[in-house]
Amino acid sequence: MTLRKLVDEARRASVDRDRQSQTNERAYHFMSTVAGDVAGFEEASHALFANDAAKVQQLTEAWPTDVRDYLRYLACPLPLAEVPSLAP
């Protein structure tokens, strides 16, 4: 029973790491394509891969609003239950 719990925990940790890695790659791809020449890009990309959401927010504060907001969405996606409805 204990071995099974350890295996399940390791599997969950691996899935979480993989999911975070995919999230970072998606965010970086957008970021490098759209904002590669924006001031603070290098520092923000380092913060992204360090999983430092607060620093990413700080470093992208002066970026164009739509780019900044979409990058933040990609870097820290909301659970489906928290996504606001677009319906009127």
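Small disclaimer: the values here were computed from a predicted structure and weren't measured. (Residues numbered from 1 in each chain as written. Predicted model: local features only at pLDDT ≥ 70, side-chain atom pairs only at ≥ 80, totals over all residues. Heavy atoms only, no water.)

Caption draft 1: Layout of the nonpolar core. In this structure, Ala27, Phe30, Met31, Leu48, Trp63, Val67 and Leu71 are the most contacted members of the largest nonpolar core, which totals 14 residues. Those elements that place two or more of their residues in this core are helix 1 (2–35), helix 2 (41–49) and helix 4 (65–75). (Core = buried A, V, L, I, M, F, W, Y, C linked by side-chain atoms within 4.5 Å. Buried < 20%, exposed > 50% of the residue type's maximum accessible area, 1.4 Å probe, protein only. Helix = DSSP H or I, 4+ residues; strand = E, 2+ residues; numbered from the N terminus.)

Caption draft 2: Local environment of the packing of aromatic side chains. One pass over the full model with this rule turns up four aromatic pairs. Ring geometry for Tyr28 and Phe41: centres 6.0 Å apart, planes at 40 degrees, overall tilted. Note that Tyr28 is positioned in helix 1 and Phe41 in helix 2, a separation of 13 residues in sequence. Looking at Tyr28, the relative accessible area reads 29%, which means it is partly exposed. Ring centres of Tyr28 and Phe49 lie 5.5 Å apart, and the angle between their planes is 55 degrees; on these two criteria the pair is classed as tilted. In this pair, Tyr28 is assigned in helix 1 and Phe49 in helix 2, connecting sequence segments 21 residues apart. In this structure an aromatic cluster arises from ring pairing among Tyr28, Phe41 and Phe49. (Phe/Tyr/Trp six-rings, centres within 6.5 Å; stacked < 30°, edge-to-face > 60°.)

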